[in-house]
Structure formats: structure tokens, C-alpha cells
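# Architecture at a glance
So the chains spell out like this:
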Amino acid sequence: MDFGQLFTNVLNEMLGPTAIAYALAAIGLNFHFGLTGLINMGQAGFMLLGAYGFAIATVHGAPLWLAFLVAVAAAVVFALLLGLPTLKLRGDYLAIVTIAAAEIVRMVGRSTALTDVTGGSEGLTGNVFKHTFQDASPFPDDRWSLGPITLATNASNSWWLRIVGWTLVLLACLLVWRLIRSPWGRVLKGIREDEDAVRALGKNVYGYKLQALVLGGVFGALGGIVFVLASSVQADSLGRPVTFNTWTILLLGGAATVLGPVLGSLLFWGALIFVRGFLRGVVPPDALTVQQIEQIGWVLVGLTLMLLIVFRPQGILGDKKELAINAR
Amino acid sequence: MLALLTALTTLGVAGSAQAATTPCSPDDATACLNLTATVPGTGPVAGVALTVEGEGTTVAATTDAAGKAAVPLTVAGEYTVTVDESTLPAGTALKDPAANPATVTVALGRSAGRIVQVVPAGEAGAEPTTGAPTSGTTASPAPGASADADAGAEAEASAEASAGPGTNRYAQLLLAGTVFGVLLALASLGANLIYGTTGLSNFAHGELVTLGGMTAFMAVQWWHLPLWLAIVVATAAGGLAGWLLNTLLFAPLRRRGVGITQQMIVTIGLSLALLSAFLFFFGAQPAPIVSGISQRMQLGPVQISAQSLISVAIALVVLAAVAFTLARTRLGRATRAVSDNPALAAATGIKVESVISRVWVASAALASLGGVLLALYLNTTRFNFGSTLLLLMFAAITLGGLGSPLGAVLGALVIGLVVELSTLVLPSDMRYASALVILILVLLLRPQGILGRAERIG
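Residues numbered from 1 in each chain as written. Chains lettered and ligands numbered in written order. Predicted model: local features only at pLDDT ≥ 70, side-chain atom pairs only at ≥ 80, totals over all residues.

### Focus: the overall build of chain A
A count of helical and extended segments in chain A gives 14 helices and two strands. The C-alpha atoms of chain A give a radius of gyration of 20 Å, which matches the 20 Å a tight globule of 328 residues would have. Relative to its 328 residues, chain A shows a buried fraction of 58%. In chain A, the proportion of contacts linking residues at least 24 apart, taken out of those at least 6 apart, comes to 74%. (Helix = DSSP H or I, 4+ residues; strand = E, 2+ residues; numbered from the N terminus. Rg over C-alpha atoms; globule rule 2.2 N^0.38 Å. Buried ≥ 20, exposed ≤ 12 C-beta atoms within 10 Å, placed from the backbone. Contact = placed C-beta atoms within 7 Å.)

Encoded structure:
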């Protein structure tokens, strides 16, 4: 088997838009779970809303900045809708409500009734909403090679998208780094450790939780935009498993750390592509089909999530003493 | 009803046609996969659902009035095209079923094509088509590739909900909702028992439901057992799975003192692993337990199939048996004591771990039995059949009150009725969404549910 090609694929995936999108979504989830202890099981819903907001605004002629704002606003409204009723309840209620709400967004998005707006289950194809982003690129339309990777400069899954995406990830990490050390971040961590103690100190716990939910949701929406700029807006591609993958990524890299979500995303996608490519090269094609090999990869993801949360809940970078997970 | 179906069909076709008016044009970063469904010599076939999968993405498409669907792709490579045979017009079949799924190689900047040839079925009527033919909904299975778990089963409509002429639509939907509610109650009761005794929201409960359906499918279609024996085998398989899960996974976790939130995330990982394992073994296509449509009986203004009637009867008997066990037997009293206060129950000499173990067996067995009966009601099972229903089951038990068994039954009936009656005002592919809206509203207004105790909300 061709290991050179395999490692090129792995490297390409690790630097690619999927890894960027999941890193952003996991950074958002880090605000929810890592800092505040909220169990958000609907991060895919935030991503999908961000994607729809961006794409539909662009289709209706909005400039790039406005489309971004629409996506962010959609996530903020969604977070408020979810948070206002549920943040006073116990933790697993938020989990059930967020997962249900994300499913509602997906089902409504793929419904035939909204085909004119969302494209139904076929979704919105790339050529109707990518032009504003691609036109904003300073590069000429060309194909550039860096090492073994050759990509278009601007179109779709491009260098331009990678540059913008990783810049977003870098800015997000800087923000997390500053916020964790701020008084605001310390209150969030306090809520995670002991909500009643923070309340006794006179802090508005409910308000802080709501702020964390909104902020994390906005990063989810940004991740959703990056995700669809590389492919198309299709409701079923941002379903429940996307949320579960994001959780695996966060727990793998380390919750409540600055670089954990990014490291988790790099390792997750690198490992997944490696396992798949390796099995495809090793297993004779008549023994397992390509789809079956893909499923083996996802079974491994599920097992990883189970083992991580039991044996190493702090992940690779985390501090076990810091991360006590309590249901609230 | 017919008018609704016609309207839906038109809506779906119009939608597809609209989507197809933005034709895919290949460029540097885009490749086009043009799919055509046609009856040789007759013309195009509209409303055929296709799934294009490969290189990390999955795209669902439906052929338009011209029988065409164009799928733009941004990564070159090998894609598999799967035709959802249940969306072919009634009385037709694929000309070459062996060539489904087919593999197509796609290169950027080019167009690739695949023509699906449809022919009249050899024996008319032998085709196991479900109630609503080609309503324009598309199914896109495969959780892995694009990570979309639940598309498939949402397209499944029950035969009961789509009755033919001679029935009153409202009465028919009421009946369908009640039937669905009773079966859902059976499937979700176990999740509620687990929550009551251990406090765990089991996200893998849906996979236990799938396990029941799939075991029955194997028993009938592969091992040629009679249906009643298949139901017994599936229930036993569920019970065994529940015992294994508790003994090998959750009992050790409780002994280690792993928190309930971590255990919940463990069940999520488990659900993802099991879902992918089902897809690995059974593929994405529907797996009907019994092929062919069962005879429907006319009862006043409504029609019901014998299959559904027997399913409901079994469900009611089992529900009554569970209620009796909980209320009157030693084990039932012990179970209620543990859900009330495990420490106090242990202090009075109840073996808490042994009760929890039995609750796991009962919970998984009930889920599997419910899975078989729901599969009979919905005419088919599929790898993601249970995970689609998971949130409806959560909705049912939350609505009734977490930890309250009678509440779960009530909640399931409400959810069943909401799901079916919502099709009066909403498109049928949004019916599950309406149930989830109810779930959120209940949490907002009465978080302890209909019969729950207020202290549980913390």
C-alpha cells in the first residue's frame, strides 16, 4: 500500500475545513461544558443554523459581512430560546432540550415544505452561496501546491478557506485564553464546580450560564459556516452524530483547556482518515466494502468517547483535578 | 387523504424541479453527478430517492419531473449511488437490482452519470411498497460518511396513517396515533425504569429498539422462523443485551463511582458505536420483517391491519403485566423502593444491585419487544430505526414525568397522537419535529411532567 499517499491524505484532512469547523464547534462546546459545566447535546443545531443563516442571507443578496452577522444572530437567538427556559433546571434537561431542538432545526430544514428556502433535503448547493466569500479572496484564481497538497486558491475547498478558517481558530483560542483568566471566566468555572457557592457570593448564575451558552453557540455557528463553505448546506450532514463527534473531540483534546479542542480536532480527523485509509489498503476489497470500513471508523469513535469519559475525562491536555463533572 | 397525498406529491416534485433548475455546471472544484431514473421506452420516473455517498460526504437527491437529479460534488473519487427502492412507483422494480448500489468514479471538472432503469415488477402486487408511494421525501441513510443518522426512517409512513377510500381521515389518524402511542409506550417504558432506578438517561435505548427489530428481521428472513417465535427470540435477545450492558459496563461504572453525567456520555458513545455496527452488518437499506402488506380490516370509519391489531394487543398485555409486577410483586415493590431512595432501600435489606440488574434486563427486553412491534407497524426496520425514535421516547417519558412508569404510558399516547394528528396541518416529514416541540414546551411549562414529582427537577 502507498503510505506516502495515505499520509498526504491524513495531513490534508488535518489541515482541512472539516477539522477547522469541528475545532471551532469544540471551542464553543468548551465554553459550555469545559468552563461552565453545561451539557449541550445540540451543538450541531448551532452549526446548522449558522450555515443556513449564512447561506440563505447570501442567496438573498446579502454582502459577506451581513451574512456572517445573520449566522451569528441566528445562533444567539437559538441559544436564548434554549437557555431561558432550561438553564434553571437540572443538567440532563438541558441535554434533552438541546438535542431535541437541534433535531427540530434539522427536520424543519430538510422538510419539503421549505424547499424554496432551504433546498429541502437536497440542501443548497455551493454555487449559490459561496461567491461572496470567494470574491473576498485576495488571491488570483489558480491552483497552488504546498508540499504534496495541491488545491484551488479560492474555489470551495481552497487555500483561502483554510487561511480564513485557521485565522478564526487562532482568534478564538486567543479569546478563550484571555477569558479563562478573566474574572468572568473564573465565575464560569465556579459555576461548574459549585453553583450554589457562586450564588452565595451574589453572582447571577443564570445570567452567566446564558452568556456562556450564547458565546459557545456563536462559535458553533462559525464552525457551521466553515463546514458548508467547503461543501454544501445539507441538513442531514449536520445531524446528531456531528454533536457526538464534537464531544469526542473536546474530551480527547481536553475540556477547560485553551488548545484542547484544536488538538482534539486534529487528532480525531487525522486518526479517522488514517484508520480508514490503512484498512482500505490492508483489507482485501472483497472482504469488506468501502462503506463497512467507514463504519468501523465510526464504531471506534463511539468506543473512544466511552473510554475517554471513564478513564481520562480530562483528555490529553486537561487537568484531572480541575475537571470534576457534576450533573446539575 | 388522497388529496393530501396528491398535494404532497406535487409539492415534492415541484420542489425537486425547482432545485433542478439550477443545473450543476462542472468547474475546477466541482464535479457533477447526473442521475437519471427512467422506464426504458416509456419515460422518466420522478420522485426516486437516491443517496450518493463517498469521500466523507453523503448527499441525498430526488429525481425531478424529468427523471433527473444533479448532485454537485467537490471532492474527486469513488462514490456509491444507492437507489431507495421503496420510493419507486408502486408496481415497479429496478431492472438490475444487483447493480444497486453502484459505484461511480467522479473527477473534478467533469460530469459523471448513472442511469437507473426501472421496469414493471414481474408479478404485480408482490412488491413490498409501503402505504404512501413517492411522496417526494428523500431518504439519505448512513450515519458515518456525512454523520447523518436519522434521515431514513423519517420517510417511513405507517400504513395506518395513510388509509384508502372509505375511511374517515380524522378517525383514521386518531387510531393511528393511538396505535403508535401504545407501541411507543412499550418501547419507552424501559428507559423510564432505568431513569427511575439509576437516574441515567440512556441514549443507547434507541439502539436496543433497533436490536429487537433487527433480531426479528434475521429470525424471519434469514432463519425462517415463524413470526411469533421471532418476537420471542427478539425479546430474549434484548433481555440478554440488557444484562450484558449492566454486568459488563454500567455495574462496574457504578462501582467505580463514575458520575451520572459521565455515564450518560458513555451511553452516547455506546449509541454511536452500536448504530455504526448495525450499519456495518445490515447496510443502509430497509429490512422489512415480513414482506408484503398485511390484509386490512374495515372497522366502522377506520381501517386497521391485522398485524397492527395483534401488535397493540401484545403491547397492552405486556404493559398490564409490567404494571401488575410493579404494583403487586416483591420485585416490583423493591424496584419502586430503589427508585424512591436507593440508600434507604439498601438499609431495609433490598439488594439494590440485583434490582438494578433485573431492571436493565426488563428495560432492554421491553425495548426490543417494542422495536419488533413498531417495526411491524411501520412496515420495516432499518439500522437507524431506533435512533430516530429515541427522541420521541425521551419526549414521551419526559412528558409523562421522568421516573414515573404510568406517566411514560400517558406521555407516549400524547406523543403518538401529536405525531399522527400533526400531519393534518404540517407536512408529514415534520411530524416527529412537532413531538419534539411539545417536549420543549412541557419542559418550559411543567418540567416535572404530567405525573412527575416536583423534587426531581433539582
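### Quick look at the overall build of chain B
Helices and strands together make up the secondary structure of chain B, namely 14 helices and eleven strands. The buried share of chain B, taken over its 458 residues, is 58%. Pairs at least 24 residues apart make up 75% of the contacts formed inside chain B by residues separated by at least 6 positions.

### Quick look at helix α11 (residues 352-377) of chain B
Residue and element names in this part refer to chain B. Relative to the 38 Å expected for 26 residues at 1.5 Å per residue, α11 spans 37 Å between its end C-alpha atoms, a close match to the ideal helical length. Along α11, 22 of the 26 residues are buried, which leaves the element largely enclosed by surrounding structure. Following α11 by one or two positions, N379 adopts a phi angle in the positive range, close to 75°. (Expected span 1.5 Å × (residues − 1).)

### Brief notes about unusual backbone geometry
Residue and element names in this part refer to chain A. With a phi close to 50°, S156 is a non-glycine residue in the positive phi region. Position of S156 among the secondary structure elements: in the loop between β2 (149-152) and α8 (159-180). The buried category is assigned to S156, around which 26 C-beta atoms lie within 10 Å.

### A few points about the pairing of strand β6 (residues 77-83) of chain B
All names here are of chain B. Buried residues dominate β6, accounting for five of its seven residues. Pairing of strand β3 (residues 49-54) with β6 involves four bridges; the strand directions are antiparallel. Residue pairing in the sheet places V52 in a bridge with V81 of β6. (Pairing = 2+ DSSP bridges.)

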